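Descriptive analysis of the structure
Spelled out, the chains give:
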Amino acid sequence: MTIPKNSICLWYDREAEAAATFYAATFPDSEVRSVQTAPADFPSGSKGDTLLVMFTVLGIPCIGLNGGPAFIQSEAFSFQIATDTQEETDHYWYAITRNGGLESVCGWCKDRWGISWQITPRVLTEALATGGPTATRAFNAMMDMDRIDIAGIEAAIRG
């Protein structure tokens with residue numbers, strides 16, 4: 001296994017392997033690459049416990065660290081998943097929220113491990129990038145949504 005030059009390291013209490021397995025089953029181009037156990041006791045675990053999980057999410061290399069309860073996730077970090085259809089948007093949104101996750105607003109949700117996700121249709125991102133009245137209409141429509149409704153964004157774009 002080649003170790004990437006740069007990886008995202010995510011801190012979990014104890015369930016890094018379960019999270020990585022869920023991500024690999026949910027997102028294409030995702031896999032659990034390796035599971036490493038602790039060679040000795042550590043502050044929140046024992047020798048032989050899962051310590052590190054190397055995995056990818058949509059091709060992005062990640063490390064799951066079972067570091068214990070000292071730190072928790074926040075919205076300051078999130079995965080942003082660009083989607084092309086309502087079916088794809090709904091698939092990821094519901095995979096996360098119906099597996100112990102939480103819904104939020106404007107396309108944001110959290111998985112059961114506290115990691116934040118933005119499930120964002122490309123049509124919304126493209127509308128916001130255009131600026132002007134189109135961006136304002138798309139933005140205002142998004143502000144009233146939890147899961148993003150592409151038809152609602154497209155209607156807002158048209159005015």
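Look above for the structure.
Residues numbered from 1 in each chain as written. Predicted model: local features only at pLDDT ≥ 70, side-chain atom pairs only at ≥ 80, totals over all residues. Heavy atoms only, no water.

1. Describing the sheet that holds strand β2 (residues 31–37)
Pairing within the open sheet is mixed, and its four strands lie in the order β1-β4-β3-β2. Each of the sheet's edge strands pairs with one partner strand only, and the pair in question is β1 (8–12) and β2. Neighbour-to-neighbour, the strand axes of this sheet turn through a mean angle of 20 degrees, independent of strand direction. Summarising the sheet, β1 and strand β4 (residues 60–66) pair through five bridges and their orientation is parallel. Looking at β4, one finds that Y12 is bridged to N66. The sheet contacts of helix α1 (residues 16–26) involve β1, β2, β3 (50–57) and β4, and relative to β3 the element is tilted by about 15 degrees. (Pairing = 2+ DSSP bridges. Helix = DSSP H or I, 4+ residues; strand = E, 2+ residues; numbered from the N terminus. Axes fitted to C-alpha atoms, helices over the stretch in contact; angles between N-to-C directions. Contact = heavy atoms within 4.5 Å.)

2. Re the sheet that holds strand β8 (residues 116–121)
Read from one edge of the open sheet, four strands run β5-β8-β7-β6, paired in mixed fashion. The outermost strands of the open sheet, each flanked by one partner alone, are β5 (78–83) and β6 (102–103). Here strand β7 (residues 108–110) runs beside β8; their pairing, made up of three bridges, is antiparallel. By the bridge assignment, W108 is partnered in β8 with Q118. In the packing of helix α2 (residues 86–97) onto the sheet, the strands contacted are β5, β6, β7 and β8, and the crossing angle to β8 comes to about 165 degrees.

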